[in-house]
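A look at the structure
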2 protein chains.
Amino acid sequence: MELFFTTQVNGKVAILSGEEAAHCVRVMRHKVGDTIFVTDGAGNLYRCTVREIPSAVKGGKVSKKQKIADIVECEILENSVGVGGRSYHLTMAVCPTKNIDRYEWFLEKATEFGIDALYPIISDHSIRTTVKKERLEAIALSAIKQSLKSYLPEIKETVSVLDFIAEFAESEDTLKLIAYCEPGDKKSIRARLSESKILREGSCPKVAIMIGPEGDFSDREIEAAQNAGFKPVTLGESRLRVETAAIAGVSEIYFSCCQGFSSIAAMEPNQ
Amino acid sequence: MELFFTTQVNGKVAILSGEEAAHCVRVMRHKVGDTIFVTDGAGNLYRCTVREIPSAVKGGKVSKKQKIADIVECEILENSVGVGGRSYHLTMAVCPTKNIDRYEWFLEKATEFGIDALYPIISDHSIRTTVKKERLEAIALSAIKQSLKSYLPEIKETVSVLDFIAEFAESEDTLKLIAYCEPGDKKSIRARLSESKILREGSCPKVAIMIGPEGDFSDREIEAAQNAGFKPVTLGESRLRVETAAIAGVSEIYFSCCQGFSSIAAMEPNQ
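Residues numbered from 1 in each chain as written. Chains lettered and ligands numbered in written order. Predicted model: local features only at pLDDT ≥ 70, side-chain atom pairs only at ≥ 80, totals over all residues. Heavy atoms only, no water.

1. Observations regarding the overall build of chain A
Test applied: To qualify as a helix, a DSSP run of H or I must reach at least 4 residues; to qualify as a strand, a run of E must reach at least 2; elements of each kind are numbered from the N terminus. Buried means the residue's accessible area, taken with a 1.4 Å probe over protein chains only, is under 20% of the maximum for its type, while exposed means over 50%, and partly exposed covers the values in between. Should any heavy atoms of two residues lie within 4.5 Å, those residues are counted as being in contact. Areas reported here follow the Shrake-Rupley algorithm with a probe of radius 1.4 Å; residue values treat only the protein chains shown as occluding.
Within chain A one finds 8 helices and 13 strands. By residue count, 57% of the 271 residues in chain A fall in the buried class. If you take every contact in chain A between residues at least 6 apart in sequence, the share linking residues at least 24 apart comes to 76%. Carbon and sulfur atoms make up 49% of the accessible area of chain A, which totals about 11,700 Å².

In structure tokens form, the structure reads like this:
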């Protein structure tokens, strides 16, 4: 099953444009009358029929030199809401890796598991201080299409670690975690979930996890995070790369917070 | 800290050869008298002093055209046993992915977390039926050096899914799990760990996990696995790629079986 993406949805009409339109017509060779699936990345997955394709590419018979499809107009037949949705809300704040491929890999994997937002955060110890937002957005988009999800993770603007902490300082309904290598009063992510009430209270537990750069967070960043209510977590004895630590965090929340996992019951404190 | 690898250890002498010797002398520019760290990949991490370097490369001053170091002779000063060791034994049996980069990535990440053996298994539905064993061994080696582990995962010969199942049919002390997409009597990995006794009985729980190819295991493979005592597990609602499913399994065992994680206590059935 092929999934297309658009934010141009108006009533019963969905419009594919740009690369999505070109992919639909030139690569997939879709014609008027074909049934295709379209998501808006906001939880809607539409079953559509192709209603109109610009004449220049009608039937998809175009040479590479010709103008590619501007738009593909689709009629929405059915809307499945919440496909690929989750029973938790996860924000990852991860320092970009020196080798950006590793960061992009993390985003692809995190999107397969399911995350809601990624903040590229810049630490006092960061080697890389910039990321290409559009590139990350394209990777997230391709990952939800591959994993048939109707929720597109939001790629946030790059911010400093201290600004990110300040932004989350007030959010009391979120379990805020920070992973770092320096010694500290740390517990496992599962233990932090167990001691918090979010798995029992909210129908959709909210979690935010901070993962530092190759050189770890600075002391002032660790202190600021804890002052803002971020709880220190350990990721175990192994020395994990940044992207591995980040995916470990995503995986722990995925398996701990997904509904229907007996692990949730198993994590309730014994009584 | 740089870690070198050799299996040539005799009493108080460790010999680096081939690329390890060349890397030590030509890249790291080590000289006689330098202190270096060497692992045998079997749980030993030696602090050594460089005792002799072939004259051709003494001092590391060689042009690329010259013969590279044949050997570097080291005197073992100290042996730290079990560095980067684990409190569990994990065998992963994973079908090679169509795009081998994704398989190699999985192996690198799995080695960072810590696994003991990887079986490339070929399914009735496998698209890729061969892997380069030497290449996988090189990736595992580079990963233990990067993550400072003294245990090198064993890359097994490629076998068919049915042969792998037959090999493990008799191993009663291992919790054997198979992840597949077809409907079945599945539970989460944590639930399988909870219902088994391995976390409470053995000091070093043994687990084996089978992960299928892009097209999933065949019905006869799933049946054979269950007849051999492999218990079906679910990896949740998300549609995970092969390598993502495999790393999810490694991460679950890592966080569930590592000693010192309160998650273990939390996973004991309530009483």
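2. Focus on the packing of aromatic side chains
In plain terms, the rule: Two rings from Phe, Tyr or Trp (for Trp, the six-membered ring) form a pair when their centres sit within 6.5 Å of each other. Planes less than 30 degrees apart are called stacked, planes more than 60 degrees apart edge-to-face, and all others tilted.
If you walk through the whole model with that rule in mind, you get 15 aromatic pairs over all chains. Residues B:Tyr103 and B:Phe106 carry aromatic rings whose centres are separated by 6.3 Å and whose planes lie at 50 degrees to one another, so their mutual orientation is tilted. Of this pair, B:Tyr103 and B:Phe106 are both found in helix H2 (residues 100–113), 3 residues apart, which corresponds to roughly one turn of the helix. Comparing B:Tyr103 with B:Phe106 shows no difference in burial state: the two are buried. The rings of A:Tyr119, A:Phe164, A:Phe168 and A:Phe230 are connected pair by pair, giving a single aromatic cluster.

3. Comments concerning the sheet that holds strand E1 (residues 3–5) of chain B
Residues and elements named next belong to chain B. For clarity, the threshold we go by: Two strands are said to pair when DSSP picks up at least two bridges between them. Axis angles are defined between N-to-C directions and span 0 to 180 degrees, where every axis is a line fitted to C-alpha atoms and, for a helix, only to the segment in contact.
If you walk across this open sheet you meet the 6 strands as E1-E4-E5-E6-E3-E2, and the pairing is mixed. Since the sheet does not close on itself, it has two edges, and those belong to E1 and strand E2 (8–10), each with one partner. Looking at each pair of strands side by side, their axes are set apart by 40 degrees on average, direction ignored. Helix H1 (residues 18–27) rests against E1, strand E3 (13–17), strand E4 (35–39) and strand E6 (71–81) of the sheet, and its axis sits at about 95 degrees to E3.

4. A short note on the environment of B:Ala246
Residues and elements named next belong to chain B. Among the structural elements, Ala246 can be located in helix H7 (residues 242–257). In sequence terms Ala246 and Cys95 are 151 residues apart; their C-alpha atoms lie 9.5 Å from each other. Those residues in contact with Ala246 that sit more than four places away from it in its chain are Met92, Val94, Phe106 and Ile211.

5. Points about unusual backbone geometry
Residue and element names in this part refer to chain B. For Arg29, which is not a glycine, the phi torsion comes out positive at approximately 60 degrees. The topology assignment puts Arg29 in the loop between H1 and E4. According to the relative accessible area criterion, Arg29 is partly exposed, its value standing at 42%.

6. Regarding the packing of H2(B) against H7(B)
Between two packed helices, what matters for the description is the angle formed by their axes and the separation of those axes. Residue and element names in this part refer to chain B. As a reminder, the rule being used: We call two directions roughly parallel when the angle between them is under 35 degrees, roughly antiparallel when it is over 145, roughly perpendicular when it lies between 65 and 115, and oblique otherwise. The nonpolar class holds Ala, Val, Leu, Ile, Met, Phe, Trp, Tyr, Cys and Pro. Asp, Glu, Lys and Arg form the charged class, and all remaining residues, Gly among them, are polar.
Look at H2 against H7: their axes get within 9 Å of each other, and the N-to-C directions meet at 5 degrees. When the interaxial angle is binned, H2 and H7 end up roughly parallel. On H7, the residues that touch Arg102, Trp105, Phe106, Lys109, Ala110 and Phe113 of H2 are Glu243, Thr244, Ala246, Ile247, Val250, Ser251, Tyr254 and Phe255. When the residues that make up the contact of H2 with H7 are grouped by side-chain class, the tally is 9 nonpolar, 2 polar and 3 charged.

7. What about the sheet that holds strand E4 (residues 35–39) of chain A?
The pairing of strands in a sheet comes from backbone hydrogen bonds and takes either a parallel or an antiparallel form. Residues and elements named next belong to chain A. Spatially, E1-E4-E5-E6-E3-E2 is the arrangement adopted by the 6 strands of the open sheet, whose pairing is mixed. A single partner strand is all that each edge strand has here, and the edge strands are strand E1 (3–5) and strand E2 (9–10). Where strand E3 (residues 13–17) and strand E6 (residues 71–81) come together, 5 bridges link them in antiparallel fashion. Looking at the pairing, Ile15 lines up with Glu73 of E6.

8. Comments concerning the pattern of salt bridges
Residue and element names in this part refer to chain A. Quick note on the threshold: Here, a salt bridge means any Lys or Arg side-chain nitrogen found within 4 Å of an Asp or Glu carboxyl oxygen.
Scanning all chains against the criterion turns up 42 salt bridges over all chains. Salt-bridge contacts for Glu112 lead to Lys109; the nearest nitrogen and oxygen are separated by 2.9 Å. Here Lys109 and Glu112 lie together in helix H2 (residues 100–113), a separation of 3 residues that amounts to about one turn. Side by side, Glu112 and Lys109 carry an identical accessibility label, which is buried.

9. Some details on the nonpolar core
We apply this condition: We call a set of buried Ala, Val, Leu, Ile, Met, Phe, Trp, Tyr and Cys residues a nonpolar core when their side-chain atoms join them within 4.5 Å.
Among the nonpolar cores identified, the biggest contains 84 residues, and A:Met92, A:Phe106, A:Ile211, B:Met92, B:Phe106 and B:Ile211 are the most heavily contacted of them. When near neighbours in sequence (up to four residues on either side) are disregarded, B:Phe106 contacts B:Met92, B:Val94, B:Leu118, B:Glu243, B:Ala246, B:Ile247 and B:Val250.

10. Remarks on the pairing of E4(B)
Residues and elements named next belong to chain B. Summarising the sheet, E1 and E4 pair through 3 bridges and their orientation is parallel. The partner of Leu3 across the bridge, within E4, is Phe37. Where E4 meets strand E5 (residues 44–52), 5 bridges bridge the pair, whose relative direction is antiparallel. Looking across to E5, one finds that Thr35 is bridged to Thr49. Between the end of E4 and the start of E5, which pair antiparallel, lie 4 residues, with Gly41 showing a positive phi angle near 75 degrees.

11. Digging into the side chain of B:Ser87
Residues and elements named next belong to chain B. The line we're drawing: Pairing of N or O atoms within 3.5 Å defines a polar contact, subject to two protein rules: one partner must be a possible hydrogen donor and the other a possible acceptor, and residues neighboring in sequence count only if both atoms are side-chain atoms.
Its place among the elements puts Ser87 in the loop between E6 and strand E7 (89–94). Accessibility expressed as a relative area gives 11% for Ser87, which makes it buried. Side-chain polar atoms of Ser87 contact the backbone oxygen of Cys257, separated by 2.9 Å.

12. Details of the side chain of A:Asp116
All names here are of chain A. Tracing the sequence through the fold places Asp116 in the loop between H2 and strand E8 (117–122). A distance of 2.8 Å separates the side chain of Asp116 from the side chain of Arg86, its partner in a polar contact. Apart from the residues lying within four places of it in its own chain, the contact partners of Asp116 are Arg86, Tyr88, His89, Leu90, Pro153 and Glu154.

13. Quick look at helix H6 (residues 219–227) of chain B
Residues and elements named next belong to chain B. Which entries qualify depends on this criterion: Our arc is simply the arc of the directions from the helix axis toward the C-beta atoms.
Listed as buried for H6 are Glu221, Ile222 and Ala225. Take H6 and look down its axis: the buried residues cluster within an arc of 100 degrees, on one side only. Structural note: H6 exposes Asp219, Arg220, Glu223 and Asn227 on the side pointing more than 90 degrees away from its buried face. Looking at the buried side of H6, the elements it contacts are strand E8 (117–122), helix H4 (161–168), strand E11 (174–179) and strand E12 (206–211). Phi turns positive, to about 95 degrees, at Gly229, one or two residues after H6.

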